[in-house]
Amino acid sequence: MLRKLGRTQTIRQDQEGLEVPPGQFVTEKFPVLTFGPTPKIDLETWRFKIFGLVEEEVELDWDQFTDLAELKVEAPFHCVTQWSRLENTWEGVAFNEVMKLVSPKPEATHVMVHCFGGYTTNLPLDVVTDDDVLFAYRHDGEPLPPAHGGPLRLVVPKRYGWKSAKWVSGVELMDKDAPGFWEVRGYHMRGDPWNEERFWDELT
Ligand SMILES: Nc1nc2c(c(=O)[nH]1)N[C@H]1C(S)=C(S)[C@@H](COP(=O)(O)O)O[C@H]1N2
Ligand SMILES: [Mo]
(Lines give C-alpha, C1' and ligand atoms only; values in the text may rest on other atoms or scores of the structure.)
(Ligands and ions follow the chains in the order given, each with its own letter.)
Protein backbone atom coordinates (compact mmCIF):
# COMPACT_ATOMS: atom_id res chain seq x y z
CA MET A 1 0.00 0.00 0.00
CA LEU A 2 1.30 3.42 -0.90
CA ARG A 3 1.82 5.99 1.82
CA LYS A 4 -0.09 9.21 1.55
CA LEU A 5 2.24 12.09 0.82
CA GLY A 6 0.09 15.11 1.60
CA ARG A 7 1.94 17.20 -0.99
CA THR A 8 0.60 20.63 -1.91
CA GLN A 9 1.05 22.17 -5.35
CA THR A 10 0.18 25.83 -5.74
CA ILE A 11 -0.42 26.81 -9.33
CA ARG A 12 -0.02 30.44 -10.25
CA GLN A 13 -0.79 31.24 -13.81
CA ASP A 14 -0.57 34.93 -14.33
CA GLN A 15 0.68 36.04 -17.67
CA GLU A 16 1.51 39.58 -18.78
CA GLY A 17 0.19 40.92 -15.48
CA LEU A 18 -3.27 39.48 -16.12
CA GLU A 19 -4.93 37.71 -13.24
CA VAL A 20 -7.40 35.91 -15.48
CA PRO A 21 -7.06 34.73 -19.06
CA PRO A 22 -8.39 37.05 -21.77
CA GLY A 23 -12.18 37.23 -22.06
CA GLN A 24 -12.79 35.79 -18.58
CA PHE A 25 -14.61 37.36 -15.59
CA VAL A 26 -13.90 36.51 -11.98
CA THR A 27 -16.65 34.96 -9.87
CA GLU A 28 -16.58 33.96 -6.22
CA LYS A 29 -19.42 31.52 -6.82
CA PHE A 30 -18.94 28.01 -8.10
CA PRO A 31 -21.53 27.54 -10.83
CA VAL A 32 -22.51 24.02 -11.85
CA LEU A 33 -22.04 23.32 -15.54
CA THR A 34 -23.29 19.94 -16.67
CA PHE A 35 -24.76 18.67 -19.88
CA GLY A 36 -27.58 16.40 -18.75
CA PRO A 37 -28.38 15.02 -15.30
CA THR A 38 -25.99 14.29 -12.45
CA PRO A 39 -25.45 10.52 -12.55
CA LYS A 40 -26.24 8.47 -9.45
CA ILE A 41 -23.09 6.69 -8.34
CA ASP A 42 -22.83 3.99 -5.69
CA LEU A 43 -19.35 3.72 -4.12
CA GLU A 44 -19.89 -0.03 -3.66
CA THR A 45 -20.00 -0.59 -7.41
CA TRP A 46 -17.82 2.38 -8.43
CA ARG A 47 -14.84 1.28 -10.55
CA PHE A 48 -11.99 3.17 -12.23
CA LYS A 49 -10.34 1.63 -15.28
CA ILE A 50 -7.14 2.38 -17.12
CA PHE A 51 -7.34 0.74 -20.52
CA GLY A 52 -6.40 1.02 -24.18
CA LEU A 53 -2.69 1.21 -25.01
CA VAL A 54 -1.30 -0.20 -21.76
CA GLU A 55 0.57 -3.48 -21.27
CA GLU A 56 -2.04 -4.57 -18.71
CA GLU A 57 -5.33 -2.88 -17.93
CA VAL A 58 -6.02 -1.91 -14.33
CA GLU A 59 -9.31 -1.64 -12.50
CA LEU A 60 -9.62 -0.09 -9.03
CA ASP A 61 -12.48 0.03 -6.58
CA TRP A 62 -13.11 3.04 -4.34
CA ASP A 63 -10.98 1.77 -1.43
CA GLN A 64 -8.07 0.96 -3.71
CA PHE A 65 -8.29 4.34 -5.39
CA THR A 66 -8.46 6.33 -2.17
CA ASP A 67 -5.48 4.37 -0.77
CA LEU A 68 -3.28 5.99 -3.42
CA ALA A 69 -0.98 8.84 -2.34
CA GLU A 70 -2.80 12.10 -1.89
CA LEU A 71 -2.07 15.43 -3.56
CA LYS A 72 -3.45 18.88 -2.85
CA VAL A 73 -3.55 21.45 -5.66
CA GLU A 74 -4.48 25.10 -5.39
CA ALA A 75 -5.50 26.37 -8.78
CA PRO A 76 -7.84 28.63 -10.71
CA PHE A 77 -10.74 27.20 -12.73
CA HIS A 78 -11.74 28.73 -16.05
CA CYS A 79 -15.02 27.87 -17.78
CA VAL A 80 -15.29 28.59 -21.50
CA THR A 81 -18.63 30.34 -20.77
CA GLN A 82 -16.32 33.05 -19.37
CA TRP A 83 -16.38 32.67 -15.60
CA SER A 84 -13.16 32.04 -13.69
CA ARG A 85 -13.09 30.97 -10.07
CA LEU A 86 -9.57 31.83 -8.96
CA GLU A 87 -9.14 30.10 -5.61
CA ASN A 88 -9.81 26.40 -5.51
CA THR A 89 -8.23 23.78 -3.32
CA TRP A 90 -8.48 20.31 -4.78
CA GLU A 91 -7.49 17.14 -2.97
CA GLY A 92 -7.19 13.75 -4.58
CA VAL A 93 -4.70 11.62 -6.46
CA ALA A 94 -2.21 12.94 -9.00
CA PHE A 95 -2.75 11.74 -12.56
CA ASN A 96 0.89 10.67 -12.46
CA GLU A 97 0.28 8.56 -9.37
CA VAL A 98 -2.43 6.64 -11.17
CA MET A 99 -0.18 6.23 -14.21
CA LYS A 100 2.38 4.43 -12.02
CA LEU A 101 -0.05 1.50 -11.94
CA VAL A 102 0.27 0.82 -15.68
CA SER A 103 2.91 0.53 -18.38
CA PRO A 104 1.78 2.64 -21.31
CA LYS A 105 2.69 1.26 -24.72
CA PRO A 106 5.30 3.40 -26.52
CA GLU A 107 2.78 4.55 -29.15
CA ALA A 108 0.40 6.05 -26.53
CA THR A 109 0.25 9.83 -27.01
CA HIS A 110 -3.28 10.89 -25.96
CA VAL A 111 -5.99 9.97 -23.51
CA MET A 112 -9.76 9.87 -23.64
CA VAL A 113 -11.25 10.46 -20.21
CA HIS A 114 -14.49 8.51 -19.68
CA CYS A 115 -17.28 9.35 -17.24
CA PHE A 116 -20.34 7.83 -15.67
CA GLY A 117 -23.20 9.19 -17.77
CA GLY A 118 -21.24 8.96 -21.02
CA TYR A 119 -19.33 12.27 -21.11
CA THR A 120 -15.81 12.12 -22.56
CA THR A 121 -12.96 14.54 -23.18
CA ASN A 122 -9.58 14.18 -24.90
CA LEU A 123 -6.17 15.36 -23.74
CA PRO A 124 -2.54 14.78 -24.76
CA LEU A 125 -0.52 12.59 -22.39
CA ASP A 126 2.05 15.35 -21.87
CA VAL A 127 -0.71 17.66 -20.60
CA VAL A 128 -2.31 15.23 -18.16
CA THR A 129 1.06 14.15 -16.78
CA ASP A 130 1.77 17.72 -15.67
CA ASP A 131 2.28 18.03 -11.88
CA ASP A 132 -0.96 19.96 -11.29
CA VAL A 133 -3.36 17.44 -12.85
CA LEU A 134 -5.29 15.27 -10.42
CA PHE A 135 -8.35 13.17 -9.82
CA ALA A 136 -10.08 15.12 -7.07
CA TYR A 137 -12.46 13.87 -4.38
CA ARG A 138 -12.37 17.02 -2.22
CA HIS A 139 -12.88 20.69 -3.05
CA ASP A 140 -12.15 23.55 -0.63
CA GLY A 141 -11.89 21.14 2.28
CA GLU A 142 -15.21 19.36 1.70
CA PRO A 143 -16.03 16.09 -0.04
CA LEU A 144 -16.66 16.88 -3.71
CA PRO A 145 -20.44 17.42 -4.08
CA PRO A 146 -22.18 15.21 -6.68
CA ALA A 147 -23.10 18.24 -8.82
CA HIS A 148 -19.40 19.15 -9.07
CA GLY A 149 -18.37 15.63 -10.07
CA GLY A 150 -18.33 13.70 -6.82
CA PRO A 151 -17.22 11.15 -5.94
CA LEU A 152 -14.32 11.76 -8.35
CA ARG A 153 -13.48 14.22 -11.10
CA LEU A 154 -10.47 15.09 -13.18
CA VAL A 155 -8.98 18.57 -12.68
CA VAL A 156 -6.76 20.06 -15.42
CA PRO A 157 -6.00 23.61 -14.20
CA LYS A 158 -4.22 24.72 -17.38
CA ARG A 159 -7.21 23.92 -19.63
CA TYR A 160 -10.78 25.23 -19.85
CA GLY A 161 -13.21 23.59 -17.46
CA TRP A 162 -14.79 21.21 -19.95
CA LYS A 163 -11.53 19.19 -19.88
CA SER A 164 -12.01 18.71 -16.10
CA ALA A 165 -14.33 15.75 -16.51
CA LYS A 166 -16.78 15.05 -13.68
CA TRP A 167 -17.76 11.54 -12.46
CA VAL A 168 -14.68 9.97 -13.99
CA SER A 169 -14.87 6.24 -14.60
CA GLY A 170 -11.65 5.69 -16.47
CA VAL A 171 -8.85 6.71 -18.76
CA GLU A 172 -8.20 5.24 -22.19
CA LEU A 173 -4.73 5.57 -23.72
CA MET A 174 -4.69 6.17 -27.47
CA ASP A 175 -2.10 6.50 -30.24
CA LYS A 176 -3.71 9.65 -31.69
CA ASP A 177 -5.97 12.51 -30.70
CA ALA A 178 -9.73 12.02 -30.97
CA PRO A 179 -12.53 14.43 -30.05
CA GLY A 180 -14.58 13.96 -26.88
CA PHE A 181 -18.16 15.05 -26.11
CA TRP A 182 -17.73 18.83 -26.53
CA GLU A 183 -14.87 18.59 -29.00
CA VAL A 184 -17.21 16.75 -31.42
CA ARG A 185 -19.58 19.71 -31.01
CA GLY A 186 -17.00 22.33 -31.98
CA TYR A 187 -15.02 22.97 -28.83
CA HIS A 188 -11.26 23.23 -29.23
CA MET A 189 -9.13 20.08 -29.22
CA ARG A 190 -6.62 21.75 -26.84
CA GLY A 191 -8.60 24.35 -24.85
CA ASP A 192 -5.78 26.49 -23.40
CA PRO A 193 -7.51 29.51 -21.80
CA TRP A 194 -4.43 31.75 -22.08
CA ASN A 195 -4.57 31.32 -25.86
CA GLU A 196 -8.39 31.55 -25.87
CA GLU A 197 -8.67 28.15 -27.51
CA ARG A 198 -12.45 28.06 -27.20
CA PHE A 199 -13.65 26.74 -30.55
CA TRP A 200 -11.95 24.61 -33.14
CA ASP A 201 -13.31 26.43 -36.19
CA GLU A 202 -10.91 29.35 -35.80
CA LEU A 203 -8.36 27.72 -38.14
CA THR A 204 -5.87 27.41 -35.30
N1 LIG B 1 -19.14 14.41 -16.93
C2 LIG B 1 -19.16 15.73 -17.18
N3 LIG B 1 -18.08 16.46 -16.86
C4 LIG B 1 -18.06 17.79 -17.09
C5 LIG B 1 -19.17 18.45 -17.70
C6 LIG B 1 -20.29 17.65 -18.03
O7 LIG B 1 -21.31 18.13 -18.57
N8 LIG B 1 -20.26 16.30 -17.76
N9 LIG B 1 -19.12 19.80 -17.94
C10 LIG B 1 -17.78 20.39 -18.07
C11 LIG B 1 -17.77 21.85 -18.07
S12 LIG B 1 -18.27 22.61 -19.50
C13 LIG B 1 -17.26 22.59 -17.04
S14 LIG B 1 -17.03 24.26 -17.13
C15 LIG B 1 -16.94 21.94 -15.75
C16 LIG B 1 -17.79 22.60 -14.70
O17 LIG B 1 -17.54 22.04 -13.45
P18 LIG B 1 -18.49 22.45 -12.25
O19 LIG B 1 -19.90 22.05 -12.63
O20 LIG B 1 -17.95 21.73 -11.07
O21 LIG B 1 -18.37 23.95 -12.11
O22 LIG B 1 -17.18 20.55 -15.75
C23 LIG B 1 -16.85 19.90 -16.96
N24 LIG B 1 -16.95 18.48 -16.76
MO1 LIG C 1 -17.62 24.88 -19.22
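The paragraphs below set out a description of the structure included in this document. (Residues numbered from 1 in each chain as written. Chains lettered and ligands numbered in written order. Predicted model: local features only at pLDDT ≥ 70, side-chain atom pairs only at ≥ 80, totals over all residues. Heavy atoms only, no water.)

On to the packing of aromatic side chains. Counted according to the given criterion, the structure contains 21 aromatic pairs. With a centroid separation of 5.7 Å and an interplanar angle of 85 degrees, the aromatic rings of phenylalanine 35 and tryptophan 182 are classed as edge-to-face. With phenylalanine 35 in the loop between strand E2 (25–26) and strand E3 (47–52) and tryptophan 182 in helix H4 (residues 181–184), the pair connects residues that are 147 residues apart, well separated along the chain. The exposure class assigned to phenylalanine 35 is exposed, which follows from its relative accessible area of 56%. Note on tyrosine 160 and tryptophan 162: the rings are 5.6 Å apart at their centroids and 15 degrees apart in plane angle, and the pair reads as stacked. Site record: aromatic cluster; members linked through ring pairs are Phe35, Tyr119, Tyr160, Trp162, Phe181, Trp182, Tyr187 and Phe199. The positively charged end of arginine 185 is found above the aromatic ring belonging to phenylalanine 181, 3.8 Å away from the centroid. (Phe/Tyr/Trp six-rings, centres within 6.5 Å; stacked < 30°, edge-to-face > 60°. Helix = DSSP H or I, 4+ residues; strand = E, 2+ residues; numbered from the N terminus. Buried < 20%, exposed > 50% of the residue type's maximum accessible area, 1.4 Å probe, protein only. Lys NZ or Arg CZ within 6 Å of the ring centre and 35° of its normal.)

Overall, mixed pairing links the five strands, which are arranged E4-E3-E14-E9-E10 in an open sheet. What marks the edges here is a single partner per strand, and that holds for strand E4 (58–61) and strand E10 (120–124). For this sheet the average axis-to-axis angle between neighbouring strands, irrespective of direction, equals 15 degrees. Examined bridge by bridge, strand E9 (residues 110–115) and strand E14 (residues 168–174) share six bridges and lie antiparallel to one another. Note on E14: the bridge partner recorded for histidine 110 is methionine 174. (Pairing = 2+ DSSP bridges. Axes fitted to C-alpha atoms, helices over the stretch in contact; angles between N-to-C directions.)

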